[in-house]
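One-letter residues, chain by chain:
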Amino acid sequence: MKSMCIILLAVLLNSGMAQAAAPQMKNFAYGYPLPQVKGDGVYAINLPLMVYEKISQSDLSDIRVFNGAGETVPHAIRSAIQMEKHKETRQTVPFFPLKGAPSSSTSDLSLRVIRNADGAVVTVDAGNRATVNQPASWYLLDTSTLDKRPTALELEWTDKTSTVFTVSLAHSSDLSHWSPLVGQTVLADLRYNGNAVTARRITLPRKTLPYIRIDCLDCQEPLLLREVQAISGGSTSPEAWQWLTLQPEKTKEIKGKIVGTYLLKPKVRVSALQLGFAQSNSLMRAVIESRPTTDDDWHIQARSSFYALTLQGKTLVNEPVHCPPTADRFWRLSVKANGNGFSAGTEAPQLKLGWRQDQLIFVGRGPGPYTLAFGSTQLADTIPQDNLLLATMRETGLESLTRHIEPGPLTILGGEQALQPHLSAASWKKILLWAILLAGVALLAFMARTIYREMQTKDS
């Protein structure tokens, strides 16, 4: 009996040690080869969506980088929030109203410009192209003195009951020769029956030249600008995110509200929300909520108006709604049952979730080839990332020397078997402790029984 207890203890100890051993590539479901990596340097990879679909831990703890010798190398995960070097900043832009229609071409405009000692524009005259009382039909913006190049412009104009403008933008470095910057885009401020449709922001597609011209195209009323804000930094356009489109699972009515539910499978951190409508000219004021599990309470992520309207031949869509980063899996959309074209039994709009790619930073060490491995339930519970790597990069200036690389095609390592439920190291420790206790009890019982039999033999 004693030998059996010892054998059982040895088996359990060996199993526990195996769980705590260094991971191998076969412990991971999938991988990406990294052929560009050499045996030195610091490298960065934007994690593909497949990583988020196959990892078992939402904190990305089941990711490793292996070298050719099968050894793991130091790595760290840098979130999109950490990669944002600057928050969104706003600066007021000087602008100058100009009368008369601008030239149909984007070059050779006749302007008389007066600058101050710093080079900033203080006076602009487009020449004798309009009467004194004619309202401004185009504007010149001077961004030459801004601290940061703008990534978007936000316009405020004199309020009207309902206003829609179609404008285009051109830019110039010398105020004489102009090139297109933004094609036709719609500005709007519409309010009706408690709903609002506003489009005041113009995203700038690339680095701009110092002077920007706003041309009002086919405006029914003059565009009377009050203020122009230049926006820099932050996430100002839908292109800042990757987008996942969720189809509604079911629709039902709950306490006077129509509710649609959705399921998010990849373990991404959502930070922007949008709706996709099956029909154009749709407008809906909705509440979007989420929760990590079905046992948790719902948390409001957005309460906003969503729309897709066709105005003057252009589709006008609301800006994405920002929300705090969340990896919640369960989502729902709630709308008052008041004739929004969304009723119980009908298909709810698509829910579009915007997320930002995290970045994997690692150090080249040892021979190649290198492999990014991910997706495992066979690792220890606590696997600290090498956050010292990020701190060292900040302190030594290695950030500028980091080489950004693209992974190769997806490969199968341990396959789906590596994602099957598996006992963790903590679970093995509990089993080991219970086994020791049971073995001890069994040993005591065996000894007591042996002593009892010996006493019975002596009495007889």
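What this report covers is the structure whose coordinates are included nearby. Every value quoted in this text rests on a predicted model; they were computed, and no experiment measured them.

What counts and what doesn't
Residues numbered from 1 in each chain as written. Predicted model: local features only at pLDDT ≥ 70, side-chain atom pairs only at ≥ 80, totals over all residues. Heavy atoms only, no water. Salt bridge = Lys/Arg side-chain N within 4 Å of Asp/Glu carboxyl O. Helix = DSSP H or I, 4+ residues; strand = E, 2+ residues; numbered from the N terminus. Core = buried A, V, L, I, M, F, W, Y, C linked by side-chain atoms within 4.5 Å. Buried < 20%, exposed > 50% of the residue type's maximum accessible area, 1.4 Å probe, protein only. Polar contact = N/O pair within 3.5 Å; in protein donor to acceptor, adjacent residues only side chain to side chain. Contact = heavy atoms within 4.5 Å. Patch = residues over 30% accessible without salt bridge, like charges linked within 9 Å, V, L, I, M, F, W, Y side chains within 5 Å. Areas by Shrake-Rupley, 256 points an atom, 1.4 Å probe, with all protein chains shown as cover. Lys, Arg positive; Asp, Glu negative; His and termini not counted. Charge placed at Lys NZ, Arg CZ, Asp CG, Glu CD. Pairing = 2+ DSSP bridges.

Okay, the pattern of salt bridges next. Opposite charge on two side chains permits pairing when their charged atoms draw close. What the rule picks out here adds up to eight salt bridges. Residues Arg90 and Glu154 are paired through a salt bridge, measuring 3.1 Å at the closest nitrogen-oxygen approach. Taken together, the residues span a long stretch of sequence, with Arg90 in strand β5 (residues 89–92) and Glu154 in strand β10 (residues 152–157) at a distance of 64 residues. For Glu154, the salt bridge identified is with Arg201, shortest N-O distance 3.3 Å. Of this pair, Glu154 sits in strand β10 while Arg201 is found in strand β14 (residues 201–203), placing the two residues 47 residues apart along the sequence.

Counting 47 residues, the largest nonpolar core has Leu34, Ile288, Trp331 and Phe362 as the members making the most contacts within it. Membership of the second largest hydrophobic core comes to 22 residues, among which are Tyr139, Phe165, Leu169 and Ala230.

Glancing now at the side chain of Ser290. Mapped onto the elements of the fold, Ser290 is located in strand β21 (residues 282–291). Within polar-contact distance, the side chain of Ser290 engages the side chain of Asp328 at 2.8 Å. Residues contacting Ser290, with those up to four places away along its chain left out, are Asp297, Trp298, His299, Gln301, Thr326, Asp328, Phe330 and Trp331.

Another aspect to go through is a positive patch on the surface. Positive charge collects at one region of the surface, where Lys257, Arg285, Arg303 and Lys336 lie side by side. By secondary structure assignment, the location of Arg285 is in strand β21. The exposure class of Arg285 is partly exposed, given its relative accessible area of 44%.

As a further point, take the environment of Gly415. With respect to the helices and strands, the residue Gly415 is situated in the loop between β30 (411–412) and α5 (425–459). You can call Gly415 buried: its relative accessible area is 10%. Sequence separation of Gly415 and Phe28 is 387 residues, and the distance between their C-alpha atoms is 7.2 Å. Excluding its chain neighbours within four sequence positions, the residues that come into contact with Gly415 are Phe28 and Ala29.

Another point: the sheet that holds β30. The strand order across the open sheet formed by four strands is β3-β28-β1-β30, and the pairing between neighbours is antiparallel. The strands lining the two open edges of the sheet, one partner per strand, are β3 (63–66) and β30. One ladder, built from five bridges, connects strand β1 (residues 30–34) with strand β28 (residues 370–374); its direction is antiparallel. The residue of β28 that forms the bridge with Gly31 is Ala373.

Further remarks concern a nonpolar patch on the surface. A cluster of nonpolar residues, Trp434, Leu437 and Leu438, forms a patch on the protein surface that exposes about 380 Å² of accessible area. Mapped onto the elements, Leu437 comes out in helix α5. You can call Leu437 exposed: its relative accessible area is 53%.

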